[in-house]
Amino acid sequence: MKRVAIALAMLLGMQLAHAEERGGKRIPPDATWEKECSSCHVAYPPNLLTADDWKKVMGSLDKHFGSNAELEAKDRKSIEDYLVRNAGSGTRHSSSTLRITDTSWFKREHRDISPKEWVHPEVKSPSNCNACHKIVTGYPWSEHDIHMPRGIRWEGDGDDD
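Quick summary incoming for the structure in this document. Just so it is clear, the structure is predicted and the values come from calculations on it, not from any experiment.

Let us now look at the packing of aromatic side chains. This structure, assessed with the given rule, holds three aromatic pairs. Three or more aromatic residues joined by ring pairs form one cluster here, namely Trp 105, Phe 106 and Trp 118.

Those residues of helix α3 (residues 51-59) that sit buried are Asp 53, Trp 54, Val 57 and Met 58. Down the axis of α3, the buried set is contained in an arc of 130 degrees. They therefore lie on one face. Exposed residues on α3 whose side chains face more than 90 degrees from its buried face are Asp 52 and Gly 59.

It is worth spelling out the nonpolar core at this point. Of all hydrophobic cores here, the largest spans 26 residues; its most connected members are Trp 33, Tyr 44, Trp 54, Ile 79, Leu 83 and Ile 100. If you list the elements that add at least two residues to this core, you get α2 (31-37), α3, α4 (73-85) and α5 (104-109). Those residues in contact with Ile 79 that sit more than four places away from it in its chain are Thr 32, Trp 33, Glu 36, Cys 37, Met 58 and Leu 71.

On to the pattern of salt bridges, then. Scanning all chains against the criterion turns up five salt bridges. Put simply, Lys 35 and Glu 36 hold a salt bridge, and the shortest N to O gap is 3.6 Å. As a salt-bridge pair, Asp 62 and Lys 63 come within 3.7 Å of each other at their nearest N and O atoms. Asp 62 gets classed as partly exposed once you look at its relative accessible area, which sits at 39%.

In this section: the side chain of Thr 103. Positionally, Thr 103 belongs in the loop between α4 and α5. What makes Thr 103 buried here is its relative accessible area of 0%. One polar contact links the side chain of Thr 103 to the main-chain amide nitrogen of Phe 106, over a distance of 3.1 Å. Thr 103 has contacts with Leu 48, Leu 49, Arg 92, His 93, Ser 94 and Ser 95, leaving out every residue within four places of it along the chain.

Cut-offs applied
- Numbers given to residues run from 1 along each chain, matching the order in which its sequence is written.
- The predicted origin of the model limits local features to residues at a pLDDT of at least 70 and limits the giving and counting of side-chain atom pairs to 80 or more, whereas totals for whole chains, interfaces and linings rest on all residues.
- The basis for the side-chain values is all heavy atoms of the structure; hydrogens and waters are excluded.
- Pairs were defined over the aromatic rings of Phe, Tyr and Trp, the Trp ring being its six-membered one, requiring ring centres within 6.5 Å. Orientation was assigned from the angle between planes: stacked under 30 degrees, edge-to-face over 60, tilted for the rest.
- Partly exposed residues are those whose accessible area sits between 20% and 50% of the maximum for their type, while under 20% is buried and over 50% is exposed, using a 1.4 Å probe and protein chains only.
- Helical segments are the DSSP runs of H or I of at least four residues, strand segments are the runs of E of at least two, and each set is numbered from the N terminus.
- In this context, the arc is that of the directions from the helix axis out to the C-beta atoms.
- What makes a nonpolar core is a set of buried Ala, Val, Leu, Ile, Met, Phe, Trp, Tyr and Cys residues whose side-chain atoms join them at distances within 4.5 Å.
- The contact criterion used is simple: two residues touch if any of their non-hydrogen atoms lie within 4.5 Å.
- When a carboxyl oxygen of Asp or Glu is within 4 Å of a side-chain nitrogen of Lys or Arg, the pair counts as a salt bridge.
- As used in this structure description, the phrase polar contact means that two N or O atoms lie within 3.5 Å; if the pair is within protein, one of them must be able to donate a hydrogen and the other to accept it, and residues adjacent in sequence are counted only when both atoms belong to side chains.

Below, the structure is given as structure tokens:
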């Protein structure tokens, strides 16, 4: 059992080093954010939207993309503070619709995925990050962390290499 714990700790350390090596910002975990946000969907990493966008999202939880996601004031404030503190910056992480999938960063990073792949039964929509990404919360994302569902191919992937 001790060997397993040591191996897992080493694996986590390698993952953290790899994330920081890629120039990404390691985002600390937050229990309230993870618990509340992941009760309905992926707890989207804070760096995927700007601080201003997160403030707008958190300020309209009563009509959160068609649902009422209101929280107790203490939890709402705690989550908003966490999101703002760890938010992304610049226009590439800003979205007039407050949807991460509408940011220029998201569109650029996913430009090789064909429209038909977004409706694959295991993916269903671009907002279902964990359909393809093994690590969703807490770390910078990388191509190394992707596991495409069976039958999905990125455009341009083929045998002509």
